[in-house]
Amino acid sequence: MPSSRKRIRTTHWYINIPQTGSSKKALSRRRPHRLQKKYTTVRCGRLSSRIRETGEASPRSPRQLEFSQQKEEIEEFALSLPAPALYQHGSKIGLLEELNFTVGILGHRLLLCFQLKSKSIRRKIVDVRRKGMECLEIQTEHFNRSESFEIRNLESSAPLQFFKASRRDFQKYVENLILRNFPKARIVKSVLHTDLEHSLSGKYVRLLFVSGHNYWAALAANSLEDQATLDGILSNGLIWRECLKSQKSHAIGKLLLVVPEERGHVLKSRLSWIHGAGQEIYLMEMNTAKDSLVYVDMKDSGNVDTLLTQVYSLWPRVDFAETESFRRMMSLAPQHVKPVLRVGSSSVSFRIRGLEFASLHLGSEGKLTFGVGKQQSIVNPSDWREVKRLVDRITRERQASPKSRHNLFYRLQAERWLESLIVPDIQVIDTELNPQYVYPQVPAFWGADRGMIDILGVTKSGRLAVLELKVSADIELPMQGLDYWLRVRWHQLRDEFSRKGYFHDVELSPDPPLLYFVSPQFCYHNTFPQIVKYIDSSIPMIQVGINENWRAGIQVVMRSRLN
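Residues numbered from 1 in each chain as written. Predicted model: local features only at pLDDT ≥ 70, side-chain atom pairs only at ≥ 80, totals over all residues. Heavy atoms only, no water.

## Structural notes on the pattern of salt bridges
The full count for this structure, using the stated rule, is 19 salt bridges. The partner of Asp-127 in a salt bridge is Arg-129, and the shortest N-O contact between them spans 2.9 Å. Since its relative accessible area comes to 37%, Arg-129 is described here as partly exposed. Asp-483 is the salt-bridge partner of Arg-270, the closest N and O atoms lying 2.6 Å from each other. Of this pair, Arg-270 sits in helix H6 (residues 265-271) while Asp-483 sits in helix H11 (residues 477-493); the two residues are 213 residues apart in sequence, bridging distant segments of the chain. Pair check on accessibility: Arg-270 and Asp-483 agree, each one buried. (Salt bridge = Lys/Arg side-chain N within 4 Å of Asp/Glu carboxyl O. Buried < 20%, exposed > 50% of the residue type's maximum accessible area, 1.4 Å probe, protein only. Helix = DSSP H or I, 4+ residues; strand = E, 2+ residues; numbered from the N terminus.)

## Some words on the sheet that holds strand S21 (residues 355-361)
What the 5 strands build is an open sheet, ordered S19-S20-S21-S22-S23; its pairing is antiparallel. Unpaired on one side and paired on the other, strand S19 (337-341) and strand S23 (376-377) mark the two borders of the sheet. Relative to S21, strand S20 (residues 347-352) runs antiparallel, the two being bridged by 6 bridges. Note on S21: the bridge partner recorded for Arg-351 is Glu-356. (Pairing = 2+ DSSP bridges.)

## Notes on the side chain of Arg-263
Position of Arg-263 relative to the elements: it lies in the loop between strand S15 (252-260) and H6. Here Arg-263 sits buried without a salt bridge, and the closest side chain of opposite charge, Asp-226, lies 6.5 Å off (N-O distance). There is a polar contact of 2.9 Å between the side chain of Arg-263 and the backbone oxygen of Ser-223. (Lys, Arg positive; Asp, Glu negative; His and termini not counted. Polar contact = N/O pair within 3.5 Å; in protein donor to acceptor, adjacent residues only side chain to side chain.)

## Some words on the environment of Phe-409
With respect to the helices and strands, the residue Phe-409 is situated in helix H9 (residues 408-411). Owing to a relative accessible area of 5%, Phe-409 belongs among the buried residues under this scheme. Those residues in contact with Phe-409, other than ones at most four positions away along the chain, are Leu-355, Val-372, Leu-390, Arg-393, Ile-394, Glu-397 and Arg-398. (Contact = heavy atoms within 4.5 Å.)

Structure, rendered in C-alpha cells:
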C-alpha cells in the first residue's frame, strides 16, 4: 500500500531590503516549487505563516511558534529602519541588503544567515533582545561559543583628521602617538580583537608598552565611538590591567586611558573615586591637531552641574483617577494594570509588571496614548479594541510561569519588572529601608548626560539609599552605580532633596548614601569583584543577590557589605 505521507518543503521568510533611499520596503517569501498537492499560505499574526494542505490544518509545535515570533520581531524591526545594517562589537558588517540577510527556520533551529564576500555565514539564534528603540540585539551560538549581533540603522562616519573610519588605522595612530609622547617608549603588545575569555571589548586598542623602568597597560578609544563606549573604557582598562597582572609576565604598574578631547567628563567624575587615580591610573586626552597627549588633572573631577527634577506628590491636585479615561484604562485588567505618576512630569504611565503600554498626559486635556515603545493616540473605538488586545497579550505572556520564556513581552524591560516588585516591598532588599519613601526612575542629569536612578530611597534613620538593578550580567554595573551615587551625593550636599519635594517630613542624615547593587545571584558578571575593589572605600556599597526565579517572588539569598 503506498505511503500517505506527504512531502512538504521547509519554507523560509526572506527580508528584501531595497536600495538605500527608496521610500518603499518589501517583505516577500520565496515560494517552494509546487509538488503534487497544492498548498496555500495561511496568515498567523502580521508576518508569521504556516503551510497547510488546502482544507486540512497543519498544527505547529510550541517551539515553532516561538521561532515564528522571534522571526517576526527581527523582520518587523529591520523593515522599520531606513537603512538597516548588521553590526558586531560596534563594527559594521554591512547593510542587510548587501549581505543577503535572511532569517529562517530549519528543523529545530532558527538561523541567522548572511553572505560575506564569497562566504556564507550561518548562526543559530538563541535569543532576541531590544536595546532601546533603535537597536535589536541577536544572541547566537556557533561551535558552543556565544556571539552577539546588532541590527540598527546605518551610522554615518564623522569626519576625522587622524583616521579614516577604521579601528585598525586608529590602532597605528595610537601606537605612533605613544612613541612620540613617551620618552624611549617601546611597545610590547598591541591588540584590537575581542577577548571573550577575559571580557575585553574589541572597541578599544589595548597596549602594553615600556617607558623608562615602568610597564604601562593602556586602552584607547577613537572619536567614532559613542559616549557610552568612551565611558566604558575605565571598566575595560581595569580588567585589562588585572588580566596582565594575572599573567605575571611583566610587573604592570600603571594604567593609561586615552580618549578624544572634551569627551572625558564622566570619566573624570568617576576617577576621583577610584583607588590609584593620579598615581597609578591616568587619563589622557588626544589633541589631534598637535598629535599629542595631554594629562587630565585628577583634581578636576568634571565639576559639571547636575539637575534634579521637582518631585510631585504621589497624586497631583488634578484628580485624574476620577476621569473617564483613567477609569476605562484601569477596567481593562484591574488586577494587573498599575498607574504610575512619572517623577517630574504631568503624565501617568499605565504598566503591567513594569512594562508601559499606555500613558495619560494630564497637560494635554487628558490625551491618551498606547503602545509598547512608540505610542499612538487613542481616538476611536477601534483603538480601544487594539488596547484591549494588547493588554490581554501582555498579561498572558508577562507572567512568572509563561508557556514560553521566548515571548516578546516576557523578555522586554526585565529590570522594570524587577523594579515593580521591589518598589511596593522595598524591605525585601533590606529591612532598614523605609517603605514610605521610595522613588523609582528618578531623572539624573550630569551635564549633557541623562540617566535614570533605578530606585532612590531612605533608611529608617534618614540615610539616603541608591539601588542599582540588573537582571543580566553587565560589566558596567559598578560604574553605573557609582555614577548615580555621585549625583545623589552632589544634591545631598546642597540640600536639594528637601527643596525639590523629596522625603517630606524626613530629617535626612548627612552620612554618605548607601549604594545597593541588586541582581540575581548568578547574574553578576565575573568581572564585578575585579572592578568594584577599585571604588573608594568611603562609598558604602552593599551587594544583594536575589533568587533566579525572582519573577515569582523576590528572595534575598546573599547580602554582603563590599567595604
